[in-house]
Structures are given as structure tokens and as C-alpha cells.
Amino acid sequence: MTRVLVLNGPNLGRLGAREPEVYGHATHDDLVERCRAVGMSLGLDVEVRQTDNEAELVSWLHEAAEASTPVVLNPAAFTHYSYAVRDALAQVSAPTVEVHLSNPAAREDFRHTSVVAGVVSGSISGFGLTSYELALRAVAARLAGAGP
Ligand code: DQA
């Protein structure tokens, strides 16, 4: 089974409690369960991690770069300003998908910029946990040779 890392950035460990009107009522544990179940159905061995620490997220991306592991990444607030995360992600040659639970383009101006969007295979936003499901499907399709 192909391994896929699902990496979540700051404050996503508080899903369920955090601004449920924006992010929904599902918890991070629910997210883990959903990703693992979807992964299983796609023949992917999905590992989900969350950190509030930029250095830790960068080190996980280095690990993915070294092992050519596909990555589904929700950089959370780092999306909007972390060139360190962007530069680490740019080193991953396997498929990479940027995901967001909400639709940042429909929110505050500072969320309209993604510094990672230019270095990923594609981005999916606005569908809650389904964003992750769609991202895993996109990774599976890309691994199966679907273009572009
Ligand atoms: C988010 C959107 C970001 O703007 C925000 O900082 C987050 C979560 C999302 O999943 O909708 O923490 O990445």
C-alpha cells in the first residue's frame, strides 16, 4: 500500500471546539478516522499528523521529500505567510495537495493569499472533511497515472 501523509498545521488540533460556525463540529479525531477510512478504500496507508509548530511541520515535509511520500497538507495559518513551509513543500516530488476546510477566498483579505499554492499539484477548499477525502482521491488518481 502506498503511504500518504496528511499533515495539519496550527490550531487544527482544536477542531470541533474551534469556531464551529466556520470549521464545523467534527474533531481532529474524526478527521483522522475519515482520512484513514477513505485511504483504506483507495488502497492508501494514510498517516495523519497535526502540529502547532512550524519547525516540526518543515521536518515532516523533509521526511516526505526524502521518502517521496505523497502529502495532503492543510498548512492552516501558515498557508498565508510561511515561506519555510512553502520551500519545504517544493522539495516533495510526489503528488501534493493543499486542502482547507473553509474557503479562504470567501473570507478575510489576508486569507486570499496562499504562499504554498504555487508548489502543490493542486488545491481543494471549502468542503469541510470532504476536502480531505477529495484530496486523497486526487492523490490516488495521480498515482494511478491520471493526468495532467
Ligand atoms: C484553514 C484556513 C486558514 O485560513 C486558517 O488559518 C486555518 C484553517 C482551513 O482549513 O479552512 O487555520 O486552513
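In this report, the structure presented in the accompanying data block is examined. Quantities reported herein were computed from a predicted structural model and do not represent experimental measurements.

Attention now moves to the site of the ligand. Taken together, Arg18, Tyr23, Asn74, Ala76, Ala77, His80, His100, Leu101, Ser102, Arg107 and Arg111 are the residues near the ligand. Here Arg18 contributes a side-chain N or O atom positioned 2.9 Å from an oxygen atom of the ligand. Between Ser102 and the ligand, the recorded distance is 2.6 Å, taken from a side-chain N or O atom to an oxygen atom. Protein contacts shield 99% of the accessible area of the ligand, which totals 320 Å² for the unbound molecule. For the shell around the ligand, the per-class residue count stands at four nonpolar, four polar and three charged.

Here the focus is helix H5 (residues 129-143). Think of an α-helix as 3.6 residues a turn; residues three or four steps apart then line up on the same face. Look at H5: 22 Å from first C-alpha to last across 15 residues, which is about the 21 Å you get at 1.5 Å a residue. The secondary structure elements touched by the buried residues of H5 are strand E1 (2-8), helix H2 (28-42), strand E2 (44-50), strand E3 (71-74), strand E4 (96-100) and strand E5 (122-125). Positive phi shows up at Gly145, right after H5, with a value of about 100°.

This brings us to the pattern of salt bridges. Evaluation of the coordinates by the stated rule reveals 11 salt bridges. The partner of Arg86 in a salt bridge is Asp87, with the nearest N and O atoms 3.2 Å apart. Classification of Asp87 by relative accessible area gives partly exposed; the value is 42%. Two residues, Glu133 and Arg137, come together in a salt bridge whose shortest N-O distance is 3.2 Å.

So, about the environment of Asp30. Here Asp30 is to be found in helix H2. Ignoring anything within four residues of it in the chain, the contact list for Asp30 reads His25 and Leu129. Reaching out from Asp30, the side chain makes a polar contact with the backbone nitrogen of Thr27 at a distance of 2.9 Å.

The element E4 is extensively covered by neighbouring structure, given that five of its five residues are classed as buried. In E4, alternate side chains face the same way, and those of Thr96, Glu98 and His100 on one face and Val97 and Val99 on the other are all buried. Pairing of E3 with E4 involves three bridges; the strand directions are parallel. Bridge pairing in E4 links Val72 to Val97. Handedness of the crossover joining E3 and E4 through helix H4 (residues 83-89) is recorded here as right-handed. Alignment of E4 against E5, held across four bridges, turns out to be parallel. Residue pairing in the sheet places Glu98 in a bridge with Ser123 of E5.

On to the packing of H2 against H5. Orientation of H2 relative to H5, taken along the N-to-C sense of each, is 25°, at an axis distance of 10 Å. Relative to H5, the element H2 lies roughly parallel. Helix-helix and strand crossings are classified by hand; for H2 and H5 the assignment is right-handed. Residues Asp30, Leu31, Arg34, Cys35, Val38, Gly39 and Leu42 of H2 form the contact with H5, whose own contacting residues are Leu129, Thr130, Tyr132, Glu133, Leu136, Arg137 and Ala140. Grouping the amino acids of the contact of H2 with H5 by side-chain chemistry returns eight nonpolar, two polar and four charged.

Ranked by size, the top nonpolar core spans 23 residues in total, and within it Val6, Cys35, Val46, Val72, Tyr132 and Leu136 carry the most contacts. Residue assignment for this core shows that the elements contributing at least two residues are E1, H2, E2, E4 and H5. Filtering out sequence-adjacent residues up to four positions away, Cys35 remains in contact with Val6, Val46, Val48, Tyr132 and Leu136. Core analysis: the next-biggest nonpolar cluster, separate from the first, contains 20 residues, Ala65, Val71, Val85 and Ala88 among them.

Thresholds, definitions, all that
- Residues numbered from 1 in each chain as written.
- Predicted model: local features only at pLDDT ≥ 70, side-chain atom pairs only at ≥ 80, totals over all residues.
- Heavy atoms only, no water.
- Near = heavy atom within 4 Å.
- Polar contact = N/O pair within 3.5 Å; in protein donor to acceptor, adjacent residues only side chain to side chain.
- Areas by Shrake-Rupley, 256 points an atom, 1.4 Å probe, with all protein chains shown as cover.
- Nonpolar A, V, L, I, M, F, W, Y, C, P; charged D, E, K, R; others polar.
- Helix = DSSP H or I, 4+ residues; strand = E, 2+ residues; numbered from the N terminus.
- Expected span 1.5 Å × (residues − 1).
- Contact = heavy atoms within 4.5 Å.
- Salt bridge = Lys/Arg side-chain N within 4 Å of Asp/Glu carboxyl O.
- Buried < 20%, exposed > 50% of the residue type's maximum accessible area, 1.4 Å probe, protein only.
- Pairing = 2+ DSSP bridges.
- Right-handed = clockwise from strand over helix to strand, strands pointing away.
- Axes fitted to C-alpha atoms, helices over the stretch in contact; angles between N-to-C directions.
- Parallel < 35°, antiparallel > 145°, perpendicular 65-115°, else oblique.
- Left-handed = near helix turned anticlockwise from the far one by under 90°.
- Core = buried A, V, L, I, M, F, W, Y, C linked by side-chain atoms within 4.5 Å.

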